[in-house]
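An overview of the molecular structure
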Protein chains: 2
Amino acid sequence: MTQPAFKDNAPLSIHRQHAAQKWFRLLRDEICAAFEAIEGNQAEGPLSDQPAGMFTRTPWNREGGGGGEMSVMKGRVFEKVGVNISTVMGEFSETFRKEIPGADADPRFWASGISLVAHLQNPLVPAVHMNTRMIMVGDPENPTRTWFGGGADLTPMTPREEDTRDFHAAFKATCDKHNPDYYAKFKPWCDEYFFLKHRGEPRGIGGIFYDYLAEDWDKDFEFTKDVGKCFAEIYPSIVSRHQHQPWTDEQREHQLRRRGRYVEFNLLYDRGTRFGLMTGGNTEAILMSLPPIVKWD
Amino acid sequence: MTQPAFKDNAPLSIHRQHAAQKWFRLLRDEICAAFEAIEGNQAEGPLSDQPAGMFTRTPWNREGGGGGEMSVMKGRVFEKVGVNISTVMGEFSETFRKEIPGADADPRFWASGISLVAHLQNPLVPAVHMNTRMIMVGDPENPTRTWFGGGADLTPMTPREEDTRDFHAAFKATCDKHNPDYYAKFKPWCDEYFFLKHRGEPRGIGGIFYDYLAEDWDKDFEFTKDVGKCFAEIYPSIVSRHQHQPWTDEQREHQLRRRGRYVEFNLLYDRGTRFGLMTGGNTEAILMSLPPIVKWD
């Protein structure tokens with residue numbers, strides 16, 4: 001994860017890698033600080049007798065190139081939240097070359113991103129996922145393709161009108177600021193992606209999802225940064241809204257069963273999870289997304 | 001699931017379907033009775049203050065042809081055990097035709113089988129899986145290919161020498177009775193199949209696994225029946241050995257985490273689970289294999 005030294009006259013692509021990687025780390029720091037502040041705010045109400053959670057940070061190296069840092073917190077508001085940043089590079093395997101734009105010509109890749117999943121103690125607070133990433137394919141100094149992808153989606157145990165409204169409104173505003181067509185494209189993409197076909201159920205209430213964004217690097221990067229900033233603002237406000245509300249055993253039991261759907265989605269469908277596990281990624285970092293306790297009837 | 005009426009002069013393949021289906025149902029009945037007897041035997045010791053479990057049977061129909069019966073018991077020994085029998089028929093989709101022997105010529109299929117997964121209250125009692133099935137591909141009255149498959153594998157939370165030894169010995173004896181080469185082939189097949197590549201861990205201590213067995217129908221059927229009978233004898237004896245032993249909270253916590261591996265295997269790798277869910281099978285029957293309560297760190 002150490003940033004490689006580079007000169008000012010390095011190729012543009014190297015400057016871009018540096019900028020993206022730096023941003024994902026900064027965003028990670030901001031989100032972790034905001035989540036620790038939320039833990040501090042639980043000085044009264046449910047589980048306030050437990051200590052406020054703090055993130056534990058664990059670096060890891062990837063065989064084949066690069067690595068990352070997992071940040072995990074198990075607290076009195078966040079039952080388990082994982083925030084992972086990683087920057088990895090290497091060559092796509094034969095199998096994946098056909099699926100990745102540009103990889104048939106030159107299978108080398110460079111990828112950097114942030115990924116976050118939070119499972120809350122309080123069943124009235126929605127679980128959440130956020131991820132943004134930048135991918136380069138080909139020669140690192142002169143890539144064939146460069147793009148951004150990511151998004152965020154909210155998984156309430158029982159959807160509440162105001163949370164759904166505010167979450168969507170925040171990402172709509174972020175999209176609209178950059179391109180009037182984005183929201184109409186990225187919201188349905190999210191609904192389509194986070195859908196459990198075998199259950200005929202959406203995973204949650206959606207959000208936005210985008211991939212292969214390669215219109216203009218500077219603008220795409222600004223958009224990707226704004227998606228992260230939007231998340232860092234809207235999600236803590238939804239947590240604050242509900243974190244002091246008491247819950248019933250019945251609501252907790254319902255939450256544990258809804259978490260089963262989250263596990264089913266991540267292991268059966270999620271591209272990042274399956275891709276990572278099948279290609280020798282860091283198992284602990286990838287499966288950080290799994291809930292701490294789950295029930296199936 | 002009602003057995004279709006057929007005449008004595010019906011084609012041999014129809015007689016075979018009838019015989020296999022009848023056997024799977026009989027085996028189901030025998031196993032359920034044996035497991036209910038085990039529940040009755042827990043009149044003292046851990047959780048003996050809870051009522052003895054009894055199976056609830058739920059029939060289901062499959063869109064496209066056939067159906068099955070789920071039997072589920074939530075008891076004081078068996079925290080959750082599901083025994084599913086099903087007989088389904090139809091046509092393999094374009095995607096699967098290439099993967100199934102004989103299906104490229106005629107994509108029609110008929111399949112019948114029994115599938116069982118047990119998760120126990122007591123962390124000292126191993127979880128277990130057993131499944132046997134008969135598949136026909138092509139014209140039901142004159143199939144292109146007919147074969148048997150199945151096996152059983154044991155998943156102790158902490159392996160114990162005597163359980164591992166007895167489980168393997170029982171299936172070795174069953175294999176040896178039919179063919180001196182079977183065990184040397186079917187034991188490693190099980191080890192290879194029930195392996196979590198992303199963890200570099202076996203799911204449990206193994207057992208046997210076989211597929212595409214099409215040497216001689218009558219002999220293959222006898223072997224498949226004996227695999228079921230072997231399971232119905234050895235597994236209850238292992239349960240009886242440990243069911244009255246008290247356990248610690250630490251052992252229970254370890255069990256809940258080991259169950260996470262079971263979920264990971266079933267959703268990431270298990271062919272039956274993924275095949276069933278992706279092809280519109282009965283979700284409840286397929287996911288009956290998931291443990292009732294699971295933890296991930």
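These numbers were taken from a predicted model, which means no experiment stands behind them.

This brings us to the overall build of chain A. Counting its regular elements, chain A contains 8 helices and 10 strands. The C-alpha atoms of chain A give 19 Å as radius of gyration, which agrees with the globular expectation for 297 residues (19 Å, within 12%). The buried share of chain A, reckoned over its 297 residues, is 57%. The contacts in chain A between residues at least 6 apart in sequence include a share of 68% that link residues at least 24 apart. Looking at chain A as shown, the accessible area adds up to about 12800 Å², and 51% of this sits on carbon and sulfur atoms. The positive charge centre, built from 36 side chains, and the negative charge centre, built from 42, are 2 Å apart in chain A.

Take chain B, turn it by 180°, move it 0.0 Å along the axis, and it overlays chain A with an RMSD of 0.0 Å. Both chain copies can therefore be described as sitting about a two-fold axis. A share of 100% of the interface residues of chain B reappears at the interface of chain A, consistent with the copies meeting face to face through the same patch.

This next bit is on the confidence of the model for chain A. With 97% of its residues at a pLDDT of at least 70, chain A reaches an overall mean of 94. Scored by ipTM, the complex comes to 0.90, with pTM at 0.91.

Let us look at the packing of aromatic side chains. Residues and elements named next belong to chain B. Using the criterion set out here, one finds 46 aromatic pairs over all chains in the structure. Residues Tyr 193 and Phe 209 carry aromatic rings whose centres are separated by 4.5 Å and whose planes lie at 15° to one another, so their mutual orientation is stacked. Taken together, the residues span a long stretch of sequence, with Tyr 193 in helix α4 (residues 182-193) and Phe 209 in strand β9 (residues 206-213) at a distance of 16 residues. Residue classification places Tyr 193 among the buried residues on the basis of a relative accessible area of 17%.

All told, the structure shown has 56 salt bridges over all chains when counted by the stated rule. Across the pair Glu 222 of chain A and Lys 225 of chain A runs a salt bridge whose closest N-O atoms are separated by 3.5 Å. Here Glu 222 of chain A and its partner Lys 225 of chain A are both found in helix α5 (residues 217-242), 3 residues apart, which amounts to about one turn of the helix. Among the residues examined, Lys 225 of chain A registers a relative accessible area of 18% and is labelled buried. The salt bridge partner of Arg 133 of chain B is Asp 211 of chain B, with a shortest N-O separation of 3.7 Å. You can see Arg 133 of chain B sitting in strand β5 (residues 127-139) and its partner Asp 211 of chain B sitting in strand β9, a full 78 residues away along the chain.

At the interface, 23 residues of chain B touch 23 residues of chain A. Buried surface at the junction of chain B and chain A, summed over both partners, amounts to about 2100 Å²; 63% is from carbon and sulfur atoms. The three residues of chain B that bury the most area against chain A are His 198, Leu 268 and Trp 296 of chain B, which together make up 27% of that side's buried surface. Across the pair Glu 284 of chain A and Arg 199 of chain B runs a salt bridge whose closest N-O atoms are separated by 3.2 Å. Taken together, the connections running from chain B to chain A amount to 11 residue pairs in polar contact (both at pLDDT 80 or more). Elements with a minimum of two residues in the side of chain B that touches chain A: α6 (249-268), α7 (271-278), α8 (283-286) and β10 (293-295) of chain B.

All right, on to the sheet that holds strand β4 (residues 108-120) of chain B then. Residues and elements named next belong to chain B. In spatial order, the strands read β1-β2-β3-β4-β5-β6-β9; together these 7 strands make up an open sheet with antiparallel pairing. This sheet does not close on itself; its edge strands, each paired only once, are β1 (56-61) and β9. Strand-to-strand, the axes of this sheet are offset by a mean angle of 5°, without reference to chain direction. With respect to the sheet, α4 is in contact with β6 (142-155) and β9, its orientation differing from that of β9 by roughly 105°. Set on the sheet, helix α5 (residues 217-242) makes contact with β3 (78-91), β4, β5, β6 and β9; between it and β6 the angle comes to about 20°.

All names here are of chain B. Two numbers describe how helix α3 (residues 161-178) lies on α5: the axes approach to 9 Å, and their chain directions differ by 160°. Taken together, the axis directions place α3 and α5 in an arrangement best described as roughly antiparallel. The element α3 and its partner α5 pack so that their crossing is right-handed. Mapping the contact onto sequence places Glu 162, Asp 163, Asp 166, Phe 167, Ala 170, Phe 171, Thr 174, Cys 175, Lys 177 and His 178 in α3 and Lys 219, Glu 222, Phe 223, Asp 226, Val 227, Cys 230, Phe 231, Ile 234, Ile 238, Arg 241 and His 242 in α5. Looking at side-chain class alone, the contact of α3 with α5 contains 10 nonpolar, 3 polar and 8 charged residues.

In this structure, Leu 47 of chain A is a non-glycine residue whose phi angle is positive, near 60°. If you trace the backbone, Leu 47 of chain A turns up in the loop between α1 (12-40) and β1 (56-61). The class for Leu 47 of chain A is partly exposed, based on a relative accessible area of 23%. Of note, the phi angle at Tyr 212 of chain B is positive, near 55°, even though the residue is not glycine. Among the secondary structure elements, Tyr 212 of chain B is positioned in strand β9.

On to the pairing of strand β5 (residues 127-139) of chain A, then. Residue and element names in this part refer to chain A. Counting buried positions along β5 yields 12 of 13 residues, so the element is predominantly enclosed. Across 10 bridges, the pairing between strand β4 (residues 108-120) and β5 is antiparallel. For Ile 114, the partnering residue across the bridge sits in β5 and is Thr 132. What sits between β4 and β5 in their antiparallel hairpin is a turn of 6 residues. Judged from the 13 bridges that link them, β5 and strand β6 (residues 142-155) form a sheet pairing that is antiparallel. Residue pairing across strands places Thr 132 opposite Gly 150, the latter belonging to β6.

A word on the environment of Asp 191 of chain B. All names here are of chain B. Among the secondary structure elements, Asp 191 is positioned in helix α4. A relative accessible area of 33% places Asp 191 in the partly exposed class. Separated by 52 residues in the primary sequence, Asp 191 and Gln 243 place their C-alpha atoms 26 Å from one another. Setting aside residues up to four positions removed in sequence, Asp 191 forms contacts with Ile 205 and Gly 206.

Further remarks concern the side chain of Gln 17 of chain B. Its location among the elements puts Gln 17 of chain B in helix α1 (residues 12-40). The contacts of Gln 17 of chain B, once residues within four sequence positions are left out, are Trp 110, Met 134, Met 136 and Pro 140 of chain B.

Quick look at the environment of Phe 78 of chain B now. Residues and elements named next belong to chain B. Of note, Phe 78 is situated in strand β3. The spatial distance from the C-alpha of Phe 78 to the C-alpha of Ile 38 is 8.8 Å, given a sequence separation of 40 residues. In this view, Phe 78 contacts Phe 35, Ile 38, Glu 39, Met 73, Ala 118, His 119, Leu 120, Gln 121 and Tyr 235; residues no more than four positions away in its chain are not counted.

Conventions and cut-offs
- Residues numbered from 1 in each chain as written.
- Chains lettered and ligands numbered in written order.
- Predicted model: local features only at pLDDT ≥ 70, side-chain atom pairs only at ≥ 80, totals over all residues.
- Heavy atoms only, no water.
- Helix = DSSP H or I, 4+ residues; strand = E, 2+ residues; numbered from the N terminus.
- Rg over C-alpha atoms; globule rule 2.2 N^0.38 Å.
- Buried < 20%, exposed > 50% of the residue type's maximum accessible area, 1.4 Å probe, protein only.
- Contact = heavy atoms within 4.5 Å.
- Areas by Shrake-Rupley, 256 points an atom, 1.4 Å probe, with all protein chains shown as cover.
- Lys, Arg positive; Asp, Glu negative; His and termini not counted.
- Charge placed at Lys NZ, Arg CZ, Asp CG, Glu CD.
- Least-squares fit on C-alpha atoms with pLDDT ≥ 70 in both.
- pLDDT = per-residue confidence, 0-100.
- Phe/Tyr/Trp six-rings, centres within 6.5 Å; stacked < 30°, edge-to-face > 60°.
- Salt bridge = Lys/Arg side-chain N within 4 Å of Asp/Glu carboxyl O.
- Buried area = accessible area lost by both parts, 1.4 Å probe.
- Polar contact = N/O pair within 3.5 Å; in protein donor to acceptor, adjacent residues only side chain to side chain.
- Pairing = 2+ DSSP bridges.
- Axes fitted to C-alpha atoms, helices over the stretch in contact; angles between N-to-C directions.
- Parallel < 35°, antiparallel > 145°, perpendicular 65-115°, else oblique.
- Left-handed = near helix turned anticlockwise from the far one by under 90°.
- Nonpolar A, V, L, I, M, F, W, Y, C, P; charged D, E, K, R; others polar.

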